[in-house]
Number of protein chains: 2
Amino acid sequence: MQSSPGAAYTATPRTTPARKRDRARYDRATVHAILDSEWICHLGFVVDGAPVVLPTMYARVGERLYLHGSTGSRPMRAAADGLRVCVTVTRAEGIVLARSAVNHSVNYRSVAAHGTARLVTDPGERALAMDALLDAAVPGRSGDCRPPDAKELAQTAIVRLDLDEVAAKVRDGGVIDEPGDVGLPHWAGVIPMTRSLGTPVPAADQDPAAPLPPYLTAP
Amino acid sequence: MQSSPGAAYTATPRTTPARKRDRARYDRATVHAILDSEWICHLGFVVDGAPVVLPTMYARVGERLYLHGSTGSRPMRAAADGLRVCVTVTRAEGIVLARSAVNHSVNYRSVAAHGTARLVTDPGERALAMDALLDAAVPGRSGDCRPPDAKELAQTAIVRLDLDEVAAKVRDGGVIDEPGDVGLPHWAGVIPMTRSLGTPVPAADQDPAAPLPPYLTAP
């Protein structure tokens, strides 16, 4: 399914929530923004009829997600023939404390992308994906490290999932209490959750006096 | 499979990594510590042969994981007959920057629990699970909110997954570079990743002068 750059993804039964449909988002800007704000996903696939969910790294390039792994790993071996996957990316942004137990909630932004992941074999696309995977976690890093040699390339599998059957879910804003609960003496509000990067710790064999590269010192 | 409290979980083909087996951990202390340090998991299940991965809340009580949802949600409806699941919990703790592209890594602690999730119907166990789910995110909160009424209870499904086929994976420590790469002029080290809670934001209808409950002000 090809879509124009600005068009929304088409909702399918799989990307239509059974409930709380108002949380679903299909516009590309929202989906891309969530995908670009993270770089760790949870990759789901099926082995012998049972689900397996693994945390792994990913990068978005246009309408494609790239994931990588050892050529010996289970999903990468299975992807040679096309592997049905669900790639889910989640940002938890707040704990919502309501007066009633059942109205407690979480503010979050998530994306789930469904489809068939396939091994990437084109050398140029593989190189692009490897750079994107490094730069997703540390923008700029792909230009400041030793590129893979032939043996390392042979040990690295890259798979691609085209963004096609994909949707975001967003819960944001404040507490939603039952009107009759508002007077109850329980504190209500939102506790923001943030993730941050700490001060880089040099490797034992790294000259501690060497300046940090600019991509690690930018605010 | 019943085990004594101190015994390790038994490794199975499913919980034995295809590679980097030294990262696998089967001792209960490690598995429990990771599970208790988080409260958002990624729940994998299979729909029409394809994987689905959803972020959701969980709580550990002894050798059980509890998850909840609306009685109308897909996994909760499916769990009435027993739903094959994989529950994965991930803490990302650092970005490992090596001199070579392929030796970049992530420090993380994760747990994957496999098995069949079943609906909990016993009222006492349901109440215990609901309290545990609130307290996993905000310890102490279950004692300071309005408990569910009969209608709310009827709308809430609780499922249980016994911890049986479960393992942790841990990557920690520093950079592992090829000996020949150590002299390269690329900064190497670890960038710590931390998640923190911000200052609670009172609801619009919350008296802003009311003191925060002690469980929100403890360090």
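Note that the structure is predicted; figures quoted are calculated from it, not measured.

Reading the values: rules and limits
Residues numbered from 1 in each chain as written. Chains lettered and ligands numbered in written order. Predicted model: local features only at pLDDT ≥ 70, side-chain atom pairs only at ≥ 80, totals over all residues. Helix = DSSP H or I, 4+ residues; strand = E, 2+ residues; numbered from the N terminus. Buried ≥ 20, exposed ≤ 12 C-beta atoms within 10 Å, placed from the backbone. Contact = placed C-beta atoms within 7 Å. pLDDT = per-residue confidence, 0-100. Expected span 1.5 Å × (residues − 1). Least-squares fit on C-alpha atoms with pLDDT ≥ 70 in both. Nonpolar A, V, L, I, M, F, W, Y, C, P; charged D, E, K, R; others polar. Pairing = 2+ DSSP bridges. Core = buried A, V, L, I, M, F, W, Y, C linked by C-beta atoms within 7 Å.

## Re the overall build of chain A
Regarding its fold elements, chain A presents five helices and ten strands. C-alpha atoms of chain A, sized along the principal axes, occupy 65 × 50 × 35 Å. Split into buried and exposed, the 219 residues of chain A put 38% on the buried side. Taking all contacts inside chain A whose residues are at least 6 apart in sequence as the whole, residues at least 24 apart take part in 70%.

## A word on the confidence of the model for chain A
Parts of the model with low pLDDT should not have their predicted coordinates read in detail. Chain-level statistics for chain A give a pLDDT mean of 94 and a share of 97% at 70 or above. With a pTM of 0.96, the predicted complex shows an ipTM of 0.95.

## Notes on unusual backbone geometry
Residue and element names in this part refer to chain A. With a phi close to 50°, Lys20 is a non-glycine residue in the positive phi region. The topology assignment puts Lys20 in the segment before β1 (24-25). C-beta crowding within 10 Å serves as the criterion here: with 12 such atoms nearby, Lys20 is assigned to the exposed category.

## Examining helix α3 (residues 123-137) of chain A
Taking 1.5 Å of rise per residue, 15 residues should cover 21 Å, and α3(A) covers 22 Å from first to last C-alpha, within 8% of that figure. On its buried face, α3(A) is in contact with β3 (50-61), β4 (64-70) and β7 (156-162) of chain A together with β5 (83-97) of chain B.

## A few points about the relation of the copies chain A and chain B
Each copy of the sequence occupies a distinct position, and chain A is placed on chain B by a rotation of 180° and an axial shift of 0.0 Å, giving an RMSD of 0.0 Å. Such a turn and shift between the copies fits a two-fold axis. In terms of C-alpha distance to the rotation axis, chain A has Arg195(A) as its closest residue, with the C-alpha 2.1 Å off the axis. In this assembly, 100% of the residues forming the interface of chain A have copies in chain B that are likewise at the interface, indicating an isologous arrangement.

## Some points on the interface of chain A and chain B
Many structure descriptions define interface size as the accessible area lost when the parts assemble. Counting residues at the interface gives 77 residues for chain A, matched by 77 residues for chain B. Mapped onto the side of chain A that touches chain B, the elements with two or more residues apiece are β2 (40-47), β3, β5 (83-97), β6 (105-119), α3, β9 (189-197) and β10 (201-202) of chain A. Considered class by class, the residues forming the side of chain A that touches chain B number 46 nonpolar, 20 polar and eleven charged. Pairing between β9(A) and strand β9 (residues 189-197) of chain B: five bridges, direction antiparallel. Paired with Met193(A) across the two strands is Leu197(B), which belongs to β9(B).

## Examining the nonpolar core
Grouped together as the largest cluster of nonpolar side chains are 114 residues, with contacts concentrated most on Val87(A) and Val87(B). Discounting residues that sit within four places of it in the chain, Val87(A) has contacts with Cys41(A), Leu43(A), Tyr58(A), Leu65(A), Ala113(A) and Leu161(A).

## A closer look at helix α3 (residues 123-137) of chain B
The complete set of buried residues in α3(B) reads Arg126(B), Ala129(B), Met130(B), Ala132(B), Leu133(B), Leu134(B), Ala136(B) and Ala137(B). Structurally, α3(B) contributes buried residues whose contacts are with β5 of chain A together with β3 (50-61), β4 (64-70) and β7 (156-162) of chain B.

## Looking at the pairing of strand β2 (residues 40-47) of chain B
All names here are of chain B. With six of eight residues buried, β2 is to be regarded as a mostly interior element. Examined bridge by bridge, β2 and β3 share eight bridges and lie antiparallel to one another. In the strand pairing of β3, Cys41 is matched with Thr56. Pairing of β2 with β5 involves three bridges; the strand directions are antiparallel. The partner of Leu43 across the bridge, within β5, is Val87.

## Some thoughts on the environment of Val46(B)
Note on placement: Val46(B) falls in strand β2. For Val46(B), a count of 21 C-beta atoms within 10 Å puts it in the buried group. Residues Val46(B) and Leu212(B) lie 166 residues apart in sequence; the distance between their C-alpha atoms is 42 Å. Filtering out sequence-adjacent residues up to four positions away, Val46(B) remains in contact with Val46(A), Gly49(A), Pro51(A), Pro51(B) and Arg84(B).

## So, the environment of Gly62(A)
Turning to its location among the elements, Gly62(A) is positioned in the loop between β3 and β4. Taking the C-beta count within 10 Å as the criterion, Gly62(A) has 9 such neighbours and is therefore assigned exposed.

## Examining the environment of Arg28(A)
Residues and elements named next belong to chain A. Take Arg28: it is sitting in helix α1 (residues 28-37). Exposure remark for Arg28: the 19 C-beta atoms within 10 Å place this residue in the partly exposed category. Along the chain, Arg28 and Glu63 lie 35 residues apart, while their C-alpha atoms are 9.4 Å from each other. Once you skip the residues sitting within four places of it in the chain, Arg28 turns out to touch Gly6, Ala8 and Tyr9.

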